[in-house]
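Notes for the structure review
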Amino acid sequence: MRQFYFLLVFIFLSSCQYFDKQVPSEKDLLQKELNAINWKEVDEFPSVVYCEKIENKAQRKECFFEVMTQLIQEKLAVDTLSVLYPELDTIEVKVTILPNATLQFEPQFPKDSVAYDTIKIDSILKARLVDFPKINPAIKRGITVKTQFILPVIIKVE
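What comes next is a walk through the structure. Here the structure is a predicted model, which means the values were calculated and not measured.

**Some points on the sheet that holds strand β7 (residues 147–154)**
Strand pairing in a sheet relies on backbone hydrogen bonds, with the paired strands running either antiparallel or parallel. The sheet built from three strands is open, its strands ordered β3-β2-β7 with antiparallel pairing. Two strands close off the open sheet at either side, each with one partner strand: β3 (103–108) and β7. Each strand axis lies, on average, 30° off the axis of its neighbour in the sheet, ignoring direction. Examined bridge by bridge, strand β2 (residues 90–97) and β3 share six bridges and lie antiparallel to one another. Bridging from a neighbouring strand, V93 pairs with P107 of β3. Most of the contacts of helix α3 (residues 57–77) go to β7, to which it runs at about 55°, and overall it touches β2, β3 and β7. Packing of helix α5 (residues 118–128) onto the sheet brings it into contact with β2 and β3, and relative to β3 it is tilted by some 155°.

Here's what the structure looks like:
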């Protein structure tokens, strides 16, 4: 019986080392998690109601870009851009979708562009590109985030 107690005490004392494990610090765990996140991509791209029923992520993204390009082209087709600038057939528009589902548009011009009145084109875009259908913002890890992309918009079709 005495040997049993001795063995029990020995096991009890030697098992204490299993409870001495180092717990990683909160900062280390946070840094490890932040490094694991790909900040260049979102979990779900922005979408419109028309594209919501598409299950495939790549097809939904493509649908969204097609719908956005078509909407912008339709809104700019009735404008004077093609009359004011007949040599301008395509314009690149930077589209920003904020987490609260608002849109911002900014024309992108080459750095050495002096042929266009960029302020006038920008004001035309801001005046025309309003009243878009509801757009659901992009989602990253369950949180809505700001996204930006550049769409080539064809102004003049011949």
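**Topic: a nonpolar patch on the surface**
Taken together, the side chains of M1, F4 and Y5 define a hydrophobic patch exposed on the protein surface, amounting to about 390 Å² of accessible area. Overall, M1 belongs to the exposed group, its relative accessible area being 68%.

**Focus on the side chain of K140**
Structurally, K140 can be placed in strand β5 (residues 138–140). Among the residues examined, K140 registers a relative accessible area of 13% and is labelled buried. When near neighbours in sequence (up to four residues on either side) are disregarded, K140 contacts I37, N38, E41, V42, D43 and V145.

**Brief notes about α3**
In a regular helix each residue adds 1.5 Å, so 21 residues correspond to 30 Å; α3 covers 30 Å between its end C-alpha atoms and thus fits that length. Residues of α3 that are buried include every one of R60, C63, F64, F65, V67, M68, T69, L71, I72 and L76, and no others. A distance of 2.9 Å separates the backbone nitrogen of A58 from a side-chain oxygen at the start of α3, and that oxygen is part of N56.

**Things to note about the packing of aromatic side chains**
The way to describe two aromatic rings as a pair is by their centre distance and the angle between their planes. Applying the stated criterion across every chain yields a total of four aromatic pairs. When the ring of F65 is compared with that of F149, the centres are 4.9 Å apart and the planes differ by 75°; the resulting orientation is edge-to-face. One end of the pair, F65, is in helix α3; the other, F149, is in strand β7, with 84 residues separating them in the sequence. The exposure class of F65 is buried, given its relative accessible area of 18%.

**A closer look at the side chain of T69**
Inspection of the secondary structure assignment puts T69 in helix α3. The contacts of T69, once residues within four sequence positions are left out, are L151 and P152.

**What about the environment of L125?**
Looking at where L125 falls in the secondary structure, it is placed in helix α5. L125 sits in the buried class, given a relative accessible area of 0%. Here the alpha-carbon distance between L125 and K75, two residues 50 residues apart in the chain, equals 9.0 Å. Once residues lying within four places of it in the same chain are set aside, the contact partners of L125 are L76, I91, V93 and P107.

The rules behind each value
Residues numbered from 1 in each chain as written. Predicted model: local features only at pLDDT ≥ 70, side-chain atom pairs only at ≥ 80, totals over all residues. Heavy atoms only, no water. Pairing = 2+ DSSP bridges. Helix = DSSP H or I, 4+ residues; strand = E, 2+ residues; numbered from the N terminus. Axes fitted to C-alpha atoms, helices over the stretch in contact; angles between N-to-C directions. Contact = heavy atoms within 4.5 Å. Patch = residues over 30% accessible without salt bridge, like charges linked within 9 Å, V, L, I, M, F, W, Y side chains within 5 Å. Areas by Shrake-Rupley, 256 points an atom, 1.4 Å probe, with all protein chains shown as cover. Salt bridge = Lys/Arg side-chain N within 4 Å of Asp/Glu carboxyl O. Buried < 20%, exposed > 50% of the residue type's maximum accessible area, 1.4 Å probe, protein only. Expected span 1.5 Å × (residues − 1). Polar contact = N/O pair within 3.5 Å; in protein donor to acceptor, adjacent residues only side chain to side chain. Phe/Tyr/Trp six-rings, centres within 6.5 Å; stacked < 30°, edge-to-face > 60°.

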